[in-house]
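For reference, the chains in residue letters:
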Amino acid sequence: MIVVFGILLFIALVLVLSSFYTVRTAEVAIITRFGKFLRIALPGLNWKMPLIDTVAGRVSLRVNQITLTMETKTKDNVFVTIPISVQARVREEKAFDAFYKLSDPIAQIKSYVEQVILGHVPSMTLDEVFASQSGIALAVKKELDVDMSEFGYEIVNVLVTDIIPDSKVKSAMNDINAAQREQVAANARGESEKILVVKKAEAEAESKALQGQGTANQRKAIIEGLQSSIEQFQKVVTGASASDVMQLVLVTQYFDTLKSIGESNKTNTLFLTHSPGAVKEVSQQLMESILGSAKVGN
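On a predicted model such as this, the values are computed, not experimentally measured, just so you know. (Residues numbered from 1 in each chain as written. Predicted model: local features only at pLDDT ≥ 70, side-chain atom pairs only at ≥ 80, totals over all residues. Heavy atoms only, no water.)

S.K.: Please set out the pairing of strand β2 (residues 27–33) residue by residue, giving values where relevant.
M.R.: Here β2 lies mainly inside the structure; six of its seven residues are buried. Inspection of the sheet shows β2 paired to strand β3 (residues 36–41) by five bridges, in the antiparallel sense. Counterpart to I31 in the pairing with β3 is R39. Taking the residues that link successive antiparallel strands as the turn, the β2-β3 hairpin has two residues, and the phi of F34 there is positive, at about 55°. (Buried < 20%, exposed > 50% of the residue type's maximum accessible area, 1.4 Å probe, protein only. Helix = DSSP H or I, 4+ residues; strand = E, 2+ residues; numbered from the N terminus. Pairing = 2+ DSSP bridges.)

The following block contains the structure:
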């Protein structure tokens, strides 16, 4: 009897101790009695009736990320691949629905995401898809929030991480972009060269204007100097005409030129009229040219 009593006491002790169980943080346990849902056990140390109650399963309350890849066609007949990340978690108060109503939550979420993507992307061009990346993610989240709340899931966030067109389309887009940038660069280079040409022409015109003004001032100074010299010469030598004075000046400059040429050791050979009387002929030709041009101008 003592042995039987000891065995029974040992079995009872084992049953009592095995009735205690723990639930980890961010997790709940589903407790059933003879296969029927009884209650939800919260984190910590819990107790259940031995041999009657069982822990049917555990539901995590953490945020889980589900990575999906959708492939569809845009309005302009471009096939694109869209990676989508769905961040979802089970609501603690709806752990029963999450455990019993869905056998495969990931497949269910994927079906809803495909439904939303196929309802939006085919009506948009490729450029609109790139521009509406955040809008697509918002539409997916809004649709999932409504549909998955019935099953006890909360959609924390939806991220459309990329838009990947077909490789040939991507290469063509890069070529178009490169051509556009080359066109902009060519226009910029053309404008730059145009500015340089215009500035160079303006500088050259200003230089010629200044050069002409300097030449005019130089000639004016020469004329004024000659006029002053003629007047002073006529005061000293009475009876001398302006023509005589000019010829004297030309003869003087003629000899000064010959002297300057003779003093230089790098002067090339010049064939000049050796007679000083030629200076008078040159002065007469100059005067006749000046008078002739003045008559033509009048």
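S.K.: Let's hear about the pattern of salt bridges: which residues, and what values?
M.R.: As enumerated under the stated definition, the model contains seven salt bridges in all. Residue E27 pairs with R24 through a salt bridge whose shortest N-O separation is 3.3 Å. (Salt bridge = Lys/Arg side-chain N within 4 Å of Asp/Glu carboxyl O.)

S.K.: Can you explain a nonpolar patch on the surface? Please cite residues and give values.
M.R.: A cluster of nonpolar side chains, namely V3, V4, I7, L8, F10, I11 and V14, defines an oily patch on the protein surface of about 670 Å² accessible area. Counting through the fold element by element, F10 comes out in helix α1 (residues 2–18). (Patch = residues over 30% accessible without salt bridge, like charges linked within 9 Å, V, L, I, M, F, W, Y side chains within 5 Å. Areas by Shrake-Rupley, 256 points an atom, 1.4 Å probe, with all protein chains shown as cover.)

S.K.: Help me get a handle on the sheet that holds β3, residues and values and all.
M.R.: Here three strands make up an open sheet; going across it, the order is β3-β2-β5 and the pairing antiparallel. Two strands in the sheet have a free side with no partner beyond their single neighbour: β3 and β5 (53–60). Between one strand and the next, the sheet's axes are offset by a mean angle of 30°, whatever the strand orientation. (Axes fitted to C-alpha atoms, helices over the stretch in contact; angles between N-to-C directions.)

Function cannot be inferred from these measures alone, as they are strictly geometric.
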